[in-house]
Amino acid sequence: MYLFYTVIASLSFFLLLRWVKRRRYCTELKRLDGKTALITGGNSGTGKETAVALAARGARVIIACRDHEKAARAVREIKLRSRSFNVFHMELDLASLHSVREFCKKFLQQEKSLHILVNNAGMPGVLDWTNDGFSMCFGVNHLGHFLLTNLLLPRLKECAPSRVITLTCSCYKYQKLDFQDLNYNLLPFFTYCRSKLANIYFSQELARITEGKGVTSYAVHPGFVQSRWTCHYSFLFRILMQVVMWMFSVPCEIGAQTVVYCAVSNEAAKHSGGYFADCQPAALRPFARDAGVAKKLWEASERLVKLA
């Protein structure tokens, strides 16, 4: 009898995990020949899988990351898996606004077109500081991409129709922004949540200011993926999280499906400023749809990165 109950419990648990990890695939067959895509953090995880998918559709793909050796290895793998030689890498450190400016200067000199910008790179909840004195999460996840997108925006407009896809996370719902302390850096998880909420506001305001100019913007929650974010933590924590991710997370290839969907889908183009999950528009909490807060964050970010 105990064996029977054990089998039933094991089967139920297995089916529960399958249900938790179920995801849609991007079924759009649209080609991207002649298009240029830039992906930050494209050397690993969801970014690398996105690069493979876009390169396989014919796009010229440039991955931007700070580690030259890792980027070179990733480019070789992406070329092999996508069967495309049109994959390149450039050095970019989003924790340094100087590096972002230098990258954009070089990119605009070398590349004459940009149709898809994927703001993928991200920092998990770590209590550290950028070269410019911002909390690592807010500085990398929001401000670095904010400056990058703004400096490349003229090129995106020139190449319209173009798309900006910014990766966020459903954990945004656990925090709200405090404009008296945008540099909040006390509890790692809350710091991360605030940066992901900032990504959503950024995507919405970008959609508003580029409306009618041929640039569309999307915030994407890729799901809880089996990425290498745990490398920033202790060995014991990494072991524990590997078990948890094996049970509840999806492979990075699955996580990239919604990013690819927003990059190619004609249906997604109708929802600029929208929040997407599992290859479809998803609902946001009311406070995350506040256009006034989105505009206020944009203006504050302009001052912080010295664009205003």
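Each remark here, short or long, concerns the structure printed above.
Rules used throughout
- Residues numbered from 1 in each chain as written.
- Predicted model: local features only at pLDDT ≥ 70, side-chain atom pairs only at ≥ 80, totals over all residues.
- Heavy atoms only, no water.
- Axes fitted to C-alpha atoms, helices over the stretch in contact; angles between N-to-C directions.
- Helix = DSSP H or I, 4+ residues; strand = E, 2+ residues; numbered from the N terminus.
- Parallel < 35°, antiparallel > 145°, perpendicular 65-115°, else oblique.
- Contact = heavy atoms within 4.5 Å.
- Nonpolar A, V, L, I, M, F, W, Y, C, P; charged D, E, K, R; others polar.
- Expected span 1.5 Å × (residues − 1).
- Buried < 20%, exposed > 50% of the residue type's maximum accessible area, 1.4 Å probe, protein only.
- Arc of directions from axis to C-beta.
- Patch = residues over 30% accessible without salt bridge, like charges linked within 9 Å, V, L, I, M, F, W, Y side chains within 5 Å.
- Areas by Shrake-Rupley, 256 points an atom, 1.4 Å probe, with all protein chains shown as cover.
- Salt bridge = Lys/Arg side-chain N within 4 Å of Asp/Glu carboxyl O.
- Lys, Arg positive; Asp, Glu negative; His and termini not counted.
- Charge placed at Lys NZ, Arg CZ, Asp CG, Glu CD.
- Phe/Tyr/Trp six-rings, centres within 6.5 Å; stacked < 30°, edge-to-face > 60°.
- Lys NZ or Arg CZ within 6 Å of the ring centre and 35° of its normal.
- Pairing = 2+ DSSP bridges.
- Right-handed = clockwise from strand over helix to strand, strands pointing away.

A. Summary view of the packing of helix α6 (residues 188-209) against helix α9 (residues 291-304). It is the contact of α6 with α9, at a shortest axis distance of 8 Å, that shows an interaxial angle of 90°. Looking at the two axes, α6 sits roughly perpendicular to α9. Seen from α6, the contacting residues are Ala198, Tyr201, Phe202, Gln204, Glu205, Leu206, Arg208 and Ile209; seen from α9, they are Ala291, Val293, Ala294, Lys295, Leu297 and Trp298. A class-by-class count of the residues in the contact of α6 with α9 yields ten nonpolar, one polar and three charged.

B. A look at helix α3 (residues 68-82). With 15 residues, α3 extends 21 Å between its outermost C-alpha atoms, agreeing within 8% with the 21 Å of an ideal straight helix rising 1.5 Å per residue. Of all the residues in α3, the buried ones are Ala71, Ala72, Ala74, Val75, Ile78 and Ser82. Each buried residue of α3 sits inside an arc of 165° when the element is viewed along its axis, so together they form one side. Seen from the buried face of α3, the exposed residues on the opposite side, beyond 90 degrees, are Glu69, Arg76 and Leu80. If you follow the buried residues of α3, they end up packed against α2 (45-56), β2 (60-65) and β3 (87-91).

C. Fine view of a positive patch on the surface. Together, Arg66, Lys70, Arg73 and Arg76 make up a positively charged patch on the protein surface. A relative accessible area of 36% places Lys70 in the partly exposed class.

D. Up close: the packing of aromatic side chains. Inspection of the entire model under this criterion finds ten aromatic pairs. The interplanar angle of 65° and the centroid separation of 6.0 Å between the aromatic rings of Phe146 and Phe202 together place this pair among those described as edge-to-face. In this pair, Phe146 sits in helix α5 (residues 136-158) while Phe202 sits in helix α6, placing the two residues 56 residues apart along the sequence. For the residue pair Phe146 and Phe202, the accessibility class agrees, reading buried in each case. Centre to centre, the rings of Tyr172 and Phe287 are 6.2 Å apart; their planes meet at 50°, and the pair counts as tilted. One end of the pair, Tyr172, is in the loop between β5 (162-167) and α6; the other, Phe287, is in the loop between β8 (280-281) and α9, and 115 residues separate them in sequence. Above the face of the Phe88 ring, Lys79 is positioned so that its terminal group lies 6.0 Å from the ring centre.

E. Here's a closer look at the pairing of β2. Across the six residues that make up β2, a large majority, five, are buried. Taken together, the five bridges between strand β1 (residues 36-40) and β2 define a ladder with parallel strand orientation. Across the sheet, Thr40 pairs through a bridge with Ala64, a residue of β2. Where the polypeptide runs from β1 across α2 and back to β2, its parallel neighbour, the crossover connection is right-handed. Where β2 meets β3, five bridges bridge the pair, whose relative direction is parallel. Paired with Ala64 across the strands is Met90, a residue of β3. As a crossover connection, the stretch from β2 through α3 into β3 is right-handed.

F. Local environment of the sheet that holds β3. Read across the open sheet, the eight strands follow the order β3-β2-β1-β4-β5-β6-β7-β8; overall the sheet is mixed. The sheet terminates laterally at β3 and β8, the two strands that pair on one side only. With respect to the sheet, α2 is in contact with β1, β2, β3 and β5, its orientation differing from that of β1 by roughly 170°. Along the sheet, α5 contacts β1, β4 (116-119), β5 and β6 (215-221); its crossing angle with β4, the most-contacted strand, is approximately 175°.

G. Region of the structure containing the environment of Val225. With respect to the helices and strands, the residue Val225 is situated in the loop between β6 and α7 (235-248). Relative accessible area serves as the criterion here: at 11%, Val225 is assigned to the buried category. Separated by 31 residues in the primary sequence, Val225 and Ala256 have C-alpha atoms spaced 9.2 Å apart.

H. Representation of the environment of Gly223. In this structure, Gly223 sits in the loop between β6 and α7. Of the residues examined, Gly223 reaches a relative accessible area of 11% and is grouped as buried. Between the C-alpha atoms of Gly223 and Pro251, which are 28 residues apart in sequence, the distance is 9.7 Å.

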